[in-house]
Amino acid sequence: MYNLKKPVQKVIFGTYFFLVLLYGIKTHSMVDSFFARYERPVTVLEISDTQNFYTLWQAHYTPGVYILLSLAEKIDFIKKRVQKFNNVVLLHPSEFSTSSLVQLASCEHFDITFVHDCAMLHKNPSIVSAFMTLGDYLIIEVPIDFSKKCIPDEHKDKIIWRETLFSGKERLCFSNAKNSLTKARWYLSASAHAKQPSYTIISTFSEKKLVKGARKKTSEWVPGINLITAIMLNLIYPTNDILRNNIENFKKIEHNDPVVGNMIVQGRELKLIDFADARRNADQEKCLNAAIKLFTWLHRPKDPYAAMKKYSEYVHK
């Protein structure tokens, strides 16, 4: 008798592959066209409870820095994947709550925040408001009836596009146009916070600038995430070795305040910011040696505030 088993398997596999391919195209269609609008490097934050991250697809094609915040219990798989990229940062906080979001929004600005497979969102739909404060655009992946049941009317007006997915879900993109930061960095004393200048952000698809203080000193925005923020959210990648090598290279650059709060993580590369601040006259060698020491521990303290306290002790010895 003629064996139909293998031909049937081929047809089934071929159909399945076609559907997966079609779903993949569908999955990325609106996102791809949205990313394509940027004429400058982007800073993207993606938050998920899993090890699956959609923006790695974009990291190959759209210039910028891609920050992956995983709330999964294990991250070995995604940790291996990100090592192939030069422009990806991996964070794995032991705890991430609404207060964490508020802190993050106070000192960072993301062009696009992408949230999916996130229990926080489903347990507390009103947290959408907090997610929106992270930057200019928020993309969330939710059940199709989520917006009707859970999104307040004032936020529905901010939805600029929506996309129905193959999985019975939909993507919603909100526009928020965040134009300022309330503080320079996550870890900041009350006295330092009181003395800091204002920070205004000009952000369009073609340019992004930071306007600082009453004198309105304007500089190009540096894509990425502040090193202190990364430490507070348990930076997994780049590794300590990569960070130390970058900081060692900073010894060749003249800077009057090379503290970790003036370092931006861009993946495999760190960038110094805030050159020639008239308020500062720090010991460059002491600051950089303290930063290197911070990343020589095999395991940093579980409490990131303890790590920053140790660093501060090194700087002021």
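Anything mentioned here points back to the structure above.
Residues numbered from 1 in each chain as written. Predicted model: local features only at pLDDT ≥ 70, side-chain atom pairs only at ≥ 80, totals over all residues. Heavy atoms only, no water.

Undergrad: How should the overall build of the protein be read in this particular structure?
TA: Regarding its fold elements, the protein presents 13 helices and 15 strands. Classification of the 317 residues of the protein by burial places 48% in the buried group. The contacts of the protein with a sequence gap of at least 6 include a subset with a gap of at least 24, amounting to 63%. Summing over all exposed atoms, the protein offers an accessible surface of approximately 16600 Å²; the carbon and sulfur share of this is 56%. (Helix = DSSP H or I, 4+ residues; strand = E, 2+ residues; numbered from the N terminus. Buried < 20%, exposed > 50% of the residue type's maximum accessible area, 1.4 Å probe, protein only. Contact = heavy atoms within 4.5 Å. Areas by Shrake-Rupley, 256 points an atom, 1.4 Å probe, with all protein chains shown as cover.)

Undergrad: Just to check I follow, could you spell out the nonpolar core for this structure?
TA: Counting residues in each nonpolar core, the largest one holds 62 residues, and the members touching the most others are Leu121, Phe131, Ile140, Leu227 and Met263. Considering every element that reaches this core, the biggest residue donor is helix α12 (residues 284–294), with six residues. Leucine 227 has contacts with Leu235, Leu243, Val260, Met263, Val265, Leu270 and Phe295, leaving out every residue within four places of it along the chain. If you look at the next biggest cluster of nonpolar residues, it comprises 27 residues, including Ala59, Val88, Tyr137 and Tyr237. (Core = buried A, V, L, I, M, F, W, Y, C linked by side-chain atoms within 4.5 Å.)

Undergrad: Explanation requested: the side chain of lysine 183 in the structure shown.
TA: Tracing the sequence through the fold places lysine 183 in the loop between β8 (180–181) and α9 (190–195). As a buried residue without a salt bridge, lysine 183 has its nearest oppositely charged side chain in glutamate 108, at a separation of 10 Å. For lysine 183, the side chain forms a polar contact with the side chain of glutamine 103, separated by 2.7 Å. Once you skip the residues sitting within four places of it in the chain, lysine 183 turns out to touch Gln103, Ser106, Cys107, Leu188, His193, Gln196 and Tyr199. (Lys, Arg positive; Asp, Glu negative; His and termini not counted. Salt bridge = Lys/Arg side-chain N within 4 Å of Asp/Glu carboxyl O. Polar contact = N/O pair within 3.5 Å; in protein donor to acceptor, adjacent residues only side chain to side chain.)

Undergrad: Even after reading the chapter, I still don't get the environment of serine 219, so can you show me in this structure?
TA: Turning to its location among the elements, serine 219 is positioned in strand β11 (residues 217–220). Through-space distance from the C-alpha of serine 219 to that of isoleucine 273 is 9.9 Å; in sequence the pair is 54 residues apart. Residue contacts for serine 219: discarding those within four places in its chain leaves Lys209 and Leu210.

Undergrad: Would you mind showing me how to read the environment of serine 100 here?
TA: Note that serine 100 resides in helix α4 (residues 98–107). Measuring from C-alpha to C-alpha, the distance between serine 100 and tryptophan 186 comes to 9.9 Å, with 86 residues separating the pair along the chain. Beyond its immediate chain neighbours, meaning those up to four positions away, serine 100 contacts Glu95 and Trp186.

Undergrad: How do you make sense of the sheet that holds strand β13 (residues 235–237) when you look at a structure like this?
TA: The strands making up a sheet associate through hydrogen bonds between their backbones, and the pairing can be parallel or antiparallel. Read across the open sheet, the eight strands follow the order β6-β7-β5-β4-β1-β2-β3-β13; overall the sheet is mixed. Edge positions in the open sheet fall to β6 (159–164) and β13, since each of these has one partner strand only. Taken pair by pair, the neighbouring strands of this sheet meet at an average axis angle of 20°, ignoring direction. Inspection of the sheet shows strand β5 (residues 135–143) paired to strand β7 (residues 169–175) by seven bridges, in the antiparallel sense. Within β7, the residue paired with tyrosine 137 across the bridge is serine 175. (Pairing = 2+ DSSP bridges. Axes fitted to C-alpha atoms, helices over the stretch in contact; angles between N-to-C directions.)

Undergrad: What should I look at first to understand unusual backbone geometry in this one?
TA: Peptide bonds are trans in most cases, and residues, glycine excluded, mostly fall at negative phi. The omega torsion of the bond from tyrosine 237 to proline 238 falls at 15°, within 30 degrees of zero and hence cis. Relative to the helices and strands, proline 238 resides in the loop between β13 and α11 (240–249). One non-glycine residue, lysine 216, lies in positive phi territory at about 55°. Note that lysine 216 resides in the loop between β10 (208–212) and β11. Even without being a glycine, asparagine 234 presents a positive backbone phi close to 60°. Locating asparagine 234 in the fold gives a position in the loop between α10 (227–232) and β13. You can call asparagine 234 partly exposed: its relative accessible area is 33%.

Undergrad: What am I meant to see in the layout of surface pockets here?
TA: The gaps of empty space that remain are located by a probe, the size of a water molecule, rolled over the atoms. In this model, the largest pocket occupies a volume close to 1200 Å³. Lining the largest pocket are 43 residues, and of these Ala184, Arg185, Gly261, Asn262 and Asp274 lie nearest its centre. Counting residues per element, the ones that place at least two in the lining of the largest pocket are α9, β10, β11 and α13 (304–315). In terms of residue count, α13 provides more of the lining of the largest pocket than any other element does, four residues in total. In terms of lining, the second largest pocket is formed by 30 residues, of which the most central are Ile231, Asn234, Leu235, Pro301 and Lys302. Looking at the lining of the second largest pocket, the elements with two or more residues in it are α4, α10, β13, α11 and α13. Looking at side-chain class alone, the lining of the second largest pocket contains 14 nonpolar, 10 polar and six charged residues. (1 Å grid on protein atoms, 1.4 Å probe; cavity = no way out; pocket = protein on both sides within 12 Å on 5 of 7 lines; lining within 4 Å. Points joined across faces, edges and corners; volume = space filled by probe spheres on them. Nonpolar A, V, L, I, M, F, W, Y, C, P; charged D, E, K, R; others polar.)

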